[in-house]
Amino acid sequence: MSRSLEESVNGYFDRAAALCDCPRGLLEQIRACNGVHAFQFPVRHADGRIEVVRAWRAEHSHHKLPTKGGIRYSAAVDESEVRALAALMTYKCAVVDVPFGGAKGAVQVDPHRRSVEELERITRRYVYELSQRNLIGPGIDVPAPDAGTGEREMAWVADTYTALHPEQLDALACVTGKPVTLGGVRGRKEATGQGLVYALAEVCAQADDMKALGLGVGLDGKRVVVQGIGNVGYHAARFCRERGARVIAFAVPEGAIADPRGLDEDAVVEHRTRTGSILGFPGATSMPRSRDGLELDCDVLVPAALENQLTAENAPAVRARIVLEGANGPTTPEADEILRAKGTLVIPDIYANAGGVVVSYFEWLKNLSHVRFGRLERRHRAASDLKLLHAVERATGHAFSEAERAVLADGPDERRIVNSGLEETMAAAYHEVRDTLRARPALNDLRTAAFYLAIQKVARAYLERGIFP
Ligand code: NAD
């Protein structure tokens, strides 16, 4: 029988919790979903029809505030899935040291079957319902995009919230993943994919780990298969290619395409938009069964679509040496066990796809400070760097060219600051998880080590605050 995502997440939690020396009651508190709010609201459509829409917001942990987590639009979403995704957010934020509790929201609609006007009405009403229940606000609970939503929906969220709370100076910090023109931060849209590739680069830089997997060090030439070509899959593919890896296949619901010479993600998206299907992409082999893509011979498999994609049925056929979890919960515990037994290195979701929430944290900080990163210091830093270049020129007799000067004394800008903060966070968190595993071999794998680390950090936050009087 297939497990729910919630059972999988709790199973992973229990495996790590068994090795923690925290009080039992505290572990139960960390595991429990602190609050789940279900509501239904009417939406009037252009033709006068009234539809009742189901929606949720789950706040898994209030050990740090605000709580934070995306909003998912999907016809198949249910309350248990929202609770599970909120729990993953708590553990994810803890692993990468982002000071938020975990949350998640969902609206039970298929965004691909709705007009833009309908989606806008639904989004604005959802925000009104959240606001009425005190479930949104810069210091309360801060949503972001997830599957089925993006910048456009976050702009509607920000606009509705600011209209409802015109007196709040920090109102734009009520949601992240906004367009840059509406208080968003440069680099947020691509952050989850970018974070995945920073994580992969760090994983592939460990010479002894790569040797054990029979792979070379570094990303260059690595053969990558990506499932999903939405926000996460598209950007993961793009940054893999830019770092010298070859994306040899994409798998989406209608099938998979493969080309050992490497695929260009923009050309694939253009073909899919024009023809309505990924199949038939020029020069590639088309496979009508999507799951065939997951079983191709490759170095890295990036499931970046949805949960429960690697299961007891297909895990034995997975040939990738590394599974980099872009989606939340793509691997069932049974598949995880099979992959571990085969020696596959699984980079778990609660670390690997944390780039989105890391850069959301930066966006929230930007909104609270009301100033673009780099704005105050850019000119000053460029002038200081130029003085340094002149000193080097005088001391060495070497004259820098105009082009060299432009690069060396450019000063920081927002995108570079955000990306360097993300890269540093992903690299540091990987070493913390890997060192935890090395120090406690009983943890067995990176996922259990990441859960163990997250539990320890959340437990410490509770105990230090002394919230059990
Ligand atoms: P999205 O809606 O932009 O894209 C989803 C992609 O998956 C689409 O290309 C779709 O065609 C594909 N897909 C759907 N069902 C599939 C199936 N059965 N087989 C193969 N492909 C399928 O969503 P997204 O924002 O890219 O999110 C994808 C996953 O990443 C989700 O699990 C989400 O929770 C997780 N995630 C997203 C973010 C973010 O910042 N957007 C951050 C962290 C984690």
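Just so you know, these numbers come straight off a predicted model, no measurement behind them.

Colleague: Quick question: what am I supposed to make of the site of the ligand here?
Modeller: The environment of the ligand is formed by 24 residues, the closest being Arg-72, Asp-146, Thr-192, Val-232 and Asn-328. Val-232 places a polar main-chain atom, nitrogen or oxygen, 2.9 Å from an oxygen atom of the ligand. A distance of 2.8 Å separates an oxygen atom of the ligand from a polar side-chain atom of Asn-328. Contact with the protein chains hides 83% of the accessible area of the ligand, taken as 830 Å² for the molecule alone. Counting residues per element, the ones that place at least two in the shell around the ligand are helix H8 (231-242) and strand E7 (246-252). Looking at side-chain class alone, the shell around the ligand contains 10 nonpolar, 10 polar and four charged residues. The residue makeup of the shell around the ligand includes at least three contributed by each of domain 1 (1-32 + 185-377 + 412-469) and domain 2 (34-182).

Colleague: I tried to follow helix H13 (residues 355-369) on my own but got confused; where do I start?
Modeller: Side chains three or four residues apart in an α-helix point the same way, a direct result of the helix having 3.6 residues per turn. Over its 15 residues, H13 runs 21 Å from end to end, which matches the ideal 21 Å to within 8%, given 1.5 Å per residue. Among the 15 residues of H13, 12 are classified as buried, and the element is accordingly described as predominantly covered. Turning to H13, its buried residues number three or more, namely Gly-355, Gly-356, Val-357, Val-358, Val-359, Ser-360, Tyr-361, Phe-362, Glu-363, Trp-364, Lys-366 and Asn-367. In this structure, the buried residues of H13 make contact with strand E3 (67-73), helix H3 (79-95), strand E5 (141-145), helix H6 (191-204) and helix H16 (414-439). Looking one or two places after H13, you find His-370, whose phi comes out positive at around 60°.

Colleague: How should I be thinking about the sheet that holds strand E10 (residues 300-303) in this particular structure?
Modeller: Hydrogen bonds between backbone groups are what pair the strands of a sheet, and the pairing can be parallel or antiparallel. Pairing is mixed across the open sheet formed by seven strands, whose spatial order is E9-E8-E7-E6-E10-E11-E12. The strands lining the two open edges of the sheet, one partner per strand, are strand E9 (285-287) and strand E12 (345-347). Going from strand to strand, the sheet's axes swing by 15° on average, the running direction of each strand aside. Note that strand E11 (residues 322-324) and E12 share three bridges and pair parallel. Across the sheet, the residue bridging to Leu-324 is Ile-347, located in E12. Sitting on the sheet, H6 touches E10, E11 and E12, and the angle it makes with E11 is about 155°.

Colleague: Is there a simple way to think about the sheet that holds strand E1 (residues 35-44) in this case?
Modeller: The five strands are arranged E1-E2-E4-E3-E5 in an open sheet whose pairing can be described as mixed. Each edge of the open sheet carries a strand with a single partner, namely E1 and E5. Pairwise comparison of adjacent strand axes, ignoring direction, gives a mean angle of 25° for this sheet. Bridging between E3 and strand E4 (residues 101-107) involves five bridges; their strand directions are parallel. By the bridge assignment, Arg-72 is partnered in E4 with Ala-106.

Colleague: For this particular structure, what's the right way to read empty space enclosed by the protein?
Modeller: In this approach the atoms are scanned with a rolling probe the size of a water molecule, which exposes any empty space left behind. Following the criterion strictly, the structure yields one cavity of 30 Å³ or more and no others. What lines the largest cavity is simply Leu-5, Ser-8, Val-9, Tyr-12, Leu-88, Gly-329, Thr-331, Asp-349, Arg-447 and Phe-451. Contributions of two or more residues to the lining of the largest cavity are made by helix H1 (5-17) and helix H17 (446-465). It is H1 that provides the largest number of residues to the lining of the largest cavity, a total of four residues. Among the residues forming the lining of the largest cavity, the class breakdown is five nonpolar, three polar and two charged.

Colleague: How should I be thinking about the domain arrangement of the protein in this particular structure?
Modeller: When the parts come together, some accessible area is lost, and that loss is often what is quoted as the size of the interface. Each domain of the protein was delimited in the assignment, giving domain 1 (1-32 + 185-377 + 412-469) and domain 2 (34-182). When each unit is reduced to the centre of its C-alpha atoms, the spacing between domain 1 and domain 2 is 23 Å. The interface of domain 1 with domain 2 comprises 42 residues on the first partner and 44 residues on the second. When the two sides are added together, the surface that domain 1 and domain 2 hide from each other amounts to roughly 3,500 Å², 62% of it contributed by carbon and sulfur.

Colleague: What exactly am I supposed to notice about the nonpolar core here?
Modeller: Soluble globular proteins: nonpolar side chains tend toward being buried together. In terms of nonpolar packing, the biggest core is built from 94 residues, with Ile-30, Tyr-91, Phe-250, Ile-322, Ile-347, Tyr-351 and Ile-455 touching the most fellow members. Not counting chain neighbours up to four residues away, the residues in contact with Ile-322 comprise Leu-200, Val-203, Cys-204, Met-210, Leu-213, Leu-215, Asp-299, Val-300, Leu-301, Thr-344, Leu-345 and Ile-347. Residues Val-43, Val-109, Trp-156 and Ala-171 belong to the second largest nonpolar core, which totals 24 residues.

Rules and cut-offs
Residues numbered from 1 in each chain as written. Predicted model: local features only at pLDDT ≥ 70, side-chain atom pairs only at ≥ 80, totals over all residues. Heavy atoms only, no water. Near = heavy atom within 4 Å. Polar contact = N/O pair within 3.5 Å; in protein donor to acceptor, adjacent residues only side chain to side chain. Areas by Shrake-Rupley, 256 points an atom, 1.4 Å probe, with all protein chains shown as cover. Helix = DSSP H or I, 4+ residues; strand = E, 2+ residues; numbered from the N terminus. Nonpolar A, V, L, I, M, F, W, Y, C, P; charged D, E, K, R; others polar. Domains from an automatic or database assignment. Expected span 1.5 Å × (residues − 1). Buried < 20%, exposed > 50% of the residue type's maximum accessible area, 1.4 Å probe, protein only. Contact = heavy atoms within 4.5 Å. Pairing = 2+ DSSP bridges. Axes fitted to C-alpha atoms, helices over the stretch in contact; angles between N-to-C directions. 1 Å grid on protein atoms, 1.4 Å probe; cavity = no way out; pocket = protein on both sides within 12 Å on 5 of 7 lines; lining within 4 Å. Points joined across faces, edges and corners; volume = space filled by probe spheres on them. Buried area = accessible area lost by both parts, 1.4 Å probe. Core = buried A, V, L, I, M, F, W, Y, C linked by side-chain atoms within 4.5 Å.

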